[in-house]
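Here's the letter readout for the chains.
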Amino acid sequence: MSTRNTPYTQRHESRSVGTNGTKPETATIIPVLNEAAAIGTVIDAIPAGWRHDVIVVDNGSTDGTPEAAAAHGAEVVYEPRRGYGSACLAGIARLASRPAPPDIVVFIDGDASDYPEEMPRLVAPIAAGSADLVIGSRALLASSRAALLPQARFGNRLATSLINLFWWFPYSDLGPFRAITWTALQRLGMRDRTFGWTVEMQVRALKRGLRVAEVPVSYRQRIGTSKITGTVKGSVMAGWMIIATIFSERFGRTT
Ligand SMILES: Nc1nc2c(ncn2[C@@H]2O[C@H](COP(=O)(O)OP(=O)(O)O)[C@@H](O)[C@H]2O)c(=O)[nH]1
Ligand SMILES: [Mg+2]
């Protein structure tokens, strides 16, 4: 496994995550909208030791997604406000309401494009105490790159180039499959309710001086219908939100 290390990874003392050297508690958040055909596959592919704490956040699916998620053992959270970021924020709020939040949060899409089996690979740099945020990059393996739609490849290149220009960090992807410590997540003060969510997290991690790593992840065609990059409207909207988020983080009044 290769991780991409930069000066950002060297700013903090190395410390492992999880109390008293035990295996860190990891919760998984899956934002979904009409993924009934895929969600069971995603949940079942989460490695056994991690599957006990899965939160599926639904924004009003009409195809039975929440029922399917619950049938596969997930906790279902309903969020009336639409949007990918809204769903992720609702998942975080649910975790925050617990007496003891987890050590690590993994985010993954509910469309079966990512491979939940690869979760240990994502969490490893955090568990080892060498990263606070780990992005699963779909740009590092040729097979994963090939599974990305051309508009997604183009959007990722544009966004990661802008981030490199403004914050000097060579992200290779804005992949949705990622792991972050609970403490780091609190420091980010995430706000975006749209598809700017993933880029907001990556940029704020740099602005806060968090230790960031990338690991290669596999990627395949989703099950079911895309709401974002598979449609012209979705691509334009997502592209706009991503670029607007980057410029707002750079030139706006956000910290
Ligand atoms: N909760 C929620 N999930 C969403 C929304 N839009 C997309 N998703 C989920 O976000 C993930 C990515 O969406 P997808 O349609 O696969 O986009 P693509 O990967 O660009 O084709 C999937 O798990 C979707 O179900 C939304 O408005 N609310
Ligand atoms: Mg997808």
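**Here's the deal with the pairing of strand S4 (residues 104-107)**
Here S4 shows two buried faces, one formed by Ile104 and Val106 and the other by Val105 and Phe107. One ladder, built from four bridges, connects strand S1 (residues 26-32) with S4; its direction is parallel. When the bridges of S4 are listed, Ala27 appears paired with Val105.

**Some thoughts on the confidence of the model for the protein**
For the protein, per-residue confidence averages 92 on the pLDDT scale, and residues scoring 70 or more make up 91% of the total. Note on residues 1-14: pLDDT is under 50 here. Beyond four places in sequence and across chains, it has 26 contacts.

**Observations concerning the site of ligand 1**
Among the 21 residues in the neighbourhood of ligand 1, the closest are listed as Ala87, Ser226, Lys227, Ile228 and Thr229. Going through the elements one at a time, S1, strand S2 (54-58) and helix H3 (84-96) are the ones with two or more residues in the shell around ligand 1. Looking at side-chain class alone, the shell around ligand 1 contains seven nonpolar, seven polar and seven charged residues.

**Some remarks on helix H6 (residues 150-167)**
Spanning 18 residues, H6 covers 25 Å between terminal C-alpha atoms, matching the ideal 26 Å at 1.5 Å per step. Along H6, the residues classified as buried are Ala152, Gly155, Asn156, Ala159, Thr160 and Ile163. All buried residues of H6 fall inside an arc of 120° around its axis, so they share one side. Opposite the buried face of H6, at more than 90 degrees from it, the exposed residues are Pro150, Ser161 and Leu165. Among the structural elements, helix H8 (197-207) and helix H9 (232-251) are those in contact with the buried residues of H6.

**Description of the pairing of S1**
For S1, the buried fraction is high: seven of the seven residues fall into the buried class. Of the two faces of S1, the one lined by Thr26, Thr28, Ile30 and Val32 and the one lined by Ala27, Ile29 and Pro31 are each fully buried. Summarising the sheet, S1 and S2 pair through five bridges and their orientation is parallel. Along S2, the bridge assignment pairs Pro31 with Val57. With respect to chirality, the unit in which S1 leads through helix H1 (residues 36-44) into the neighbouring parallel S2 is right-handed.

**Comments concerning the sheet that holds strand S5 (residues 133-137)**
Taking strand neighbours across the sheet as the criterion, the seven strands line up as S3-S2-S1-S4-S6-S5-S7 in an open arrangement whose pairing is mixed. With partners counted over all chains shown, the strands left at the sheet margins are strand S3 (75-78) and strand S7 (212-216), one partner each. Between one strand axis and the next, the sheet turns through 20° on average, direction left out of account. Here S2 pairs with S3 via four bridges, running parallel. Within the sheet, the bridge partner assigned to Val56 lies in S3 and is Val76.

**Some words on the environment of Tyr78**
If you trace the backbone, Tyr78 turns up in strand S3. Separated by 36 residues in the primary sequence, Tyr78 and Val42 place their C-alpha atoms 19 Å from one another.

**So, unusual backbone geometry**
With phi around 65°, Ala112 is a residue other than glycine that occupies positive phi space. Take Ala112: it is sitting in the loop between S4 and helix H4 (119-127). Positive phi outside glycine occurs at Trp168, with the angle close to 55°. Relative to the elements of secondary structure, Trp168 occurs in the loop between H6 and strand S6 (178-181). For Trp168, a count of 11 C-beta atoms within 10 Å gives the class exposed.

**Some details on the nonpolar core**
Most often, soluble globular proteins keep nonpolar side chains buried together rather than apart. By size, the foremost hydrophobic cluster in this structure holds 67 residues, and its most contacted members are Val56, Val105, Val106, Leu133 and Val134. By residue number, the principal contributor to this core is H3, which donates six residues. Among all residues touching Leu133, those that are not within four sequence positions of it are Arg178, Ile180, Ala184, Ala205, Leu210 and Val212.

Rules behind the numbers
Residues numbered from 1 in each chain as written. Chains lettered and ligands numbered in written order. Predicted model: local features only at pLDDT ≥ 70, side-chain atom pairs only at ≥ 80, totals over all residues. Buried ≥ 20, exposed ≤ 12 C-beta atoms within 10 Å, placed from the backbone. Helix = DSSP H or I, 4+ residues; strand = E, 2+ residues; numbered from the N terminus. Pairing = 2+ DSSP bridges. pLDDT = per-residue confidence, 0-100. Contact = placed C-beta atoms within 7 Å. Near = placed C-beta within 6 Å. Nonpolar A, V, L, I, M, F, W, Y, C, P; charged D, E, K, R; others polar. Expected span 1.5 Å × (residues − 1). Arc of directions from axis to C-beta. Right-handed = clockwise from strand over helix to strand, strands pointing away. Axes fitted to C-alpha atoms, helices over the stretch in contact; angles between N-to-C directions. Core = buried A, V, L, I, M, F, W, Y, C linked by C-beta atoms within 7 Å.

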